[in-house]
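Breakdown of the fold
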Amino acid sequence: MGSDLDDGMKTIHALRFGLFALVLVFTAGPVPALIAQQDSADDAPVTRREFKKFLEDYQQFRGEYVQLKQENEELRKELAEIKAGVGDAPAVDWKEQLDTIAWAQRESILDDVREEIRDATEPWLPGVSNFTLGGAAVVTYQDRDNVDSTFGASFAPILLWKPNDKLLFETQVAFGLSSNETWLELDQFQISYLLNDYMTVGAGKFLTPFGTFWERWHPAWINKMATMPLIYERGLVGATSLGVQLRGGFPIGKTKLNYAAYYVNGPDFKDTSVSSTGNLGFENFRDNNNDKSFGGRIGFMPTPEFELGYSFLTGRVGDSGSRFRGTDTFIQGIDLSYSREHEAIKGRIDLRAEAIWVDTDRAIFTGPFDPLTFDNKRNGWYVQGAYRPTLSNAMLGKNIELKNVEFVFRYDQLRNSGPRPLGADHDQFTMGLDYWIQPNIVWKTAFTHDNVRGDKDENGFYMQFAIGF
Amino acid sequence: MKTTWLTALYIITGLATVSVVASGCQKTQRSTEMTMTDSDDTTTVATNSDTPYRAGALLWSQNCSRCHNLRNPRERGDRGWDIIAHHMRVRGNLTAEEHRLILAFLQSAN
C-alpha cells in the first residue's frame, strides 16, 4: 500500500514542480526581457502591438495556471481518499498474502512444539524409548453350513524391543477364546541381528518363510479376506517354525532378489486321528527326532510391484524310534504377487497366487482301520484378486467413501491323494467386500461356497472387524 | 514435516518480497507475475534441497505398500519409526540403503 501512496505523492510533487516552474517562467521570464529592454532603450515606448502580444501571453498563462491549480486540488482530494483507504482494490490481495504467511508460521511453530513435546515425553514414559507395540485385535462372526454360527475374538499384541542398532526382539502373544476357555499362545518370538547391509540372522519361533501368506498376509488387518487360503488353513505348511534363519535382499541392476534360509525343528507326523492320518503337524516345539528340517525361499522382483517366489522345506517327520523313523517329507511352493495403483482404473489392483505340493514318504498306518498305505501327497493352490478404487472421489451416501471400499475374490483348490475320509478335495469360491476405516482398521464381509468332492457343498458367511496396532 | 513447512515458509516469504517489489514497478501485470514466480520457486526449492527426502518417499510408497496398506507417517514418533522400520527391514528383506532412506523420510514426514 505504501508504494501506491508514494506514487501518488511523486505525481503530486512533479505537478507542483511543473506548476512552480511555469509560474517562474511566466513571472520571471518576461521580467529580465523587460529589464533588458529598459536597459538598452530605457525610454523607448512599448508599442501597442507589443503590449497586445504581452497581454495575450499573460491571459494564456493565466488560463493554464488556473487549470493547473484545479488539477492540483483534485489530486489533493484523491490523495486524501487513498490515505483513507477508500476504493483500494489491491489491499485485499495483501491481506490474503499476510494471512497465508501467518498461517504457515503458526503451523510451523505448532509442529516444532509437537516435536518438542514428543521428544521430551518419550523418554519419560517408562521404558518406552526402546520399545514399541504392534499386533492386532480381531472379532469374527461366522455362520457355516453344518456348524453352529459363532462369534470369536482374539487379541495378539507384538512387543518390539530394539536394544541397539543391530538387535531386535519381537514377541507376539495371542489371547483367544475357544469353546469355553481362554487360550494363550506364544505366537512369535525372535531375536534378530543385522549381520550386514544385505543379511540378517534370526533365532526363535518365527513365521515360516515359506510362500508369502504366513509371513506377509496372515494378520487380520492385512489379510483382505475374513478367511485364510485353504492350503494354509488346512495346514500344508505351518505358520511358525522354531529354529534359526538367515535372510535378506540385494539389488541386481534395477531388479531385486530376496532370500531366506532356515534350519528348524520342522514338521512331525500325525497318525492319531482318522481325519488327519498322514498329515503333517507343525507344533513340533520339542523335536520328535534328531534330524532338523531345512528350508528356504527365493524371491525375484523385476519391478517393485511384482514378485515371483520359490520355496521348499524338507526334513524327517517320523518320531525317532517309531515305525516312521525313516519317513521324510519334501514340500515345494511357488508364489506370485502383483500390487499397484493405476490411474486408468482409478485404483489399486492386488493379485496373488500360491501353490504348494507336499510329498511325504509312503507309510503304513494302522488305527481304527485295517493297515493302510497310500501315496501321501497333498497339494493345492489359490488365486486372489482385489481392487480398491483408491483414486476415486465418489461418495456412497454421506459418510462412505468409495476409495475405502475393496472388492476381493479368491478361488481355492485343495487335493489329497489319500483315500477318504483321510482328506477331502475342495474347490472353493470366496467373494469379499471390505471397508477400510483406516489403513489399519478394516470391516470385512465374505461369502464362501465350498464344493467338497463326494460330499455336500458347504456355504459360509463371515464378518470380521480387525485393528492392527 | 518440519522441512516441508520451513520450505513453504521460505517460498511464501520470498513470494511476498517479490510481489512487494513487483507491485511497485509493474502494477498492471501483478497477477501473472506472481503465478510465474510461484511455480519457479517451488520447483527450484524441491529439486535443490529435497532429493534424499524424495528418494525415501518413493521407496516408502513402493515397498511399504507391498504387503499392507501404507501406514500414516504421523502414526508414530521418530523413536517408534526407528524400531518399526527395523522390524520391517527384517520382514520385507530390505537393504540397509532402503531402510535408511525410508526411515529418514518417515522421521521427517511424521
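Basis of the calculations
- Residues numbered from 1 in each chain as written.
- Chains lettered and ligands numbered in written order.
- Predicted model: local features only at pLDDT ≥ 70, side-chain atom pairs only at ≥ 80, totals over all residues.
- Heavy atoms only, no water.
- Helix = DSSP H or I, 4+ residues; strand = E, 2+ residues; numbered from the N terminus.
- Buried < 20%, exposed > 50% of the residue type's maximum accessible area, 1.4 Å probe, protein only.
- Contact = heavy atoms within 4.5 Å.
- Areas by Shrake-Rupley, 256 points an atom, 1.4 Å probe, with all protein chains shown as cover.
- Buried area = accessible area lost by both parts, 1.4 Å probe.
- Salt bridge = Lys/Arg side-chain N within 4 Å of Asp/Glu carboxyl O.
- Axes fitted to C-alpha atoms, helices over the stretch in contact; angles between N-to-C directions.
- Parallel < 35°, antiparallel > 145°, perpendicular 65-115°, else oblique.
- Nonpolar A, V, L, I, M, F, W, Y, C, P; charged D, E, K, R; others polar.
- Domains from an automatic or database assignment.
- pLDDT = per-residue confidence, 0-100.
- 1 Å grid on protein atoms, 1.4 Å probe; cavity = no way out; pocket = protein on both sides within 12 Å on 5 of 7 lines; lining within 4 Å.
- Points joined across faces, edges and corners; volume = space filled by probe spheres on them.
- Disulfide = S-S within 2.5 Å.
- Left-handed = near helix turned anticlockwise from the far one by under 90°.
- Expected span 1.5 Å × (residues − 1).

**Remarks on the overall build of chain A**
- Within chain A, the secondary structure is distributed over six helices and 22 strands.
- Put simply, chain A has 469 residues, and 38% of those count as buried.
- A separation of at least 24 residues holds for 55% of the contacts in chain A among residues at least 6 apart in sequence.
- As displayed, chain A offers around 26,100 Å² of accessible surface, 61% of which is attributable to carbon and sulfur atoms.

**Focus on the interface of chain B and chain A**
- Of the residues lining the interface, 41 residues belong to chain B; the matching set on chain A comes to 64 residues.
- Of the roughly 4,600 Å² buried where chain B meets chain A, counting both sides, 52% is carbon and sulfur surface.
- On the surface where chain B and chain A come into contact, there are four salt bridges.
- With its nearest N and O atoms 2.8 Å apart, the salt bridge here joins K256 of chain A to E98 of chain B.

**Describing the packing of helix α3 (residues 51-63) of chain B against helix α5 (residues 96-109) of chain B**
All names here are of chain B.
- Where α3 contacts α5, the two axes come as close as 8 Å, and the packing angle between them is 105°. For the element pair α3 / α5, the angle class is roughly perpendicular. Residues P52, Y53, A55, G56, A57, L59, W60 and N63 of α3 form the contact with α5, whose participating residues are E98, L101, I102, F105, L106, S108 and A109.
- Across the contact of α3 with α5, the residue classes break down as eleven nonpolar, three polar and one charged.

**Examining the domain arrangement of chain A**
- One can read the domain layout of chain A as domain 1 (99-126) and domain 2 (183-468).
- Distance between the C-alpha centres of domain 1 of chain A and domain 2 of chain A: 44 Å.

**Focus on the confidence of the model for chain A**
- Averaged over all residues, the pLDDT of chain A equals 86, while 85% of them reach at least 70.
- Counted against residues more than four places away or in other chains, residues 26-40 of chain A, with its pLDDT under 50, gives eight contacts.

**Re the layout of surface pockets**
- In this model, the second largest pocket occupies a volume close to 610 Å³.
- Taken together, 29 residues make up the lining of the second largest pocket; nearest its centre are E341 and R348 of chain A together with S61, S65 and L70 of chain B.
- For the lining of the second largest pocket, the secondary-structure elements that each account for two or more residues are β12 (328-342), β13 (347-360) and β20 (426-438) of chain A together with α3 of chain B.
- Classifying every residue of the lining of the second largest pocket by side-chain character gives nine nonpolar, nine polar and eleven charged.

**A closer look at the state of the cysteines**
Residue and element names in this part refer to chain B.
- Per the stated rule, a full pass over the model turns up zero disulfides over all chains.
- Here C64 is not disulfide-linked; the sulfur of C67 is the nearest cysteine sulfur, at 9.3 Å.
- Note on C64: relative accessible area 21%, which makes it partly exposed.
- A relative accessible area of 18% means that C67 is categorised as buried.

**Re the pattern of salt bridges**
- Tallying each qualifying case throughout the model produces 26 salt bridges over all chains.
- With a closest N to O distance of 2.9 Å, E401 of chain A and K403 of chain A form a salt bridge.
- Linking R79 of chain B and D82 of chain B is a salt bridge whose minimum nitrogen-to-oxygen distance equals 2.8 Å. With R79 of chain B and D82 of chain B both in helix α4 (residues 78-91) and three residues apart, the pair spans about one turn of that helix.
- Exposure remark for R79 of chain B: the relative accessible area of 27% places this residue in the partly exposed category.
- Here D82 of chain B falls in the buried class, since its relative accessible area comes to 11%.

**Topic: the packing of α4 of chain B against α5 of chain B**
Residues and elements named next belong to chain B.
- Where α4 contacts α5, the two axes come as close as 10 Å, and the packing angle between them is 155°. If you check the angle between α4 and α5, you find them roughly antiparallel. Where α4 crosses over α5, the handedness of that crossing is right-handed. Residues D78, W81, D82, A85, H86 and R89 of α4 form the contact with α5, whose participating residues are A96, H99, L103, L106 and Q107.
- Here the contact of α4 with α5 is built from residues that sort into five nonpolar, three polar and three charged.

**Section: α5 of chain B**
Residue and element names in this part refer to chain B.
- Counted at 1.5 Å a residue, the expected span for α5 with its 14 residues is 20 Å, and the 20 Å between its end C-alpha atoms agrees.
- Counting buried positions along α5 gives ten out of 14 residues, so the element sits mostly inside the fold.
- Buried within α5 are the following residues: A96, E98, H99, L101, I102, L103, F105, L106, S108 and A109.

**What to know about helix α3 (residues 48-83) of chain A**
- A rise of 1.5 Å per residue sets the reference length of α3 of chain A, with its 36 residues, at 52 Å; its end C-alpha atoms lie 52 Å apart and thus fit the reference within 8%.
- Among the residues of α3 of chain A, L68, N72, L75 and L79 of chain A are the ones counted as buried.

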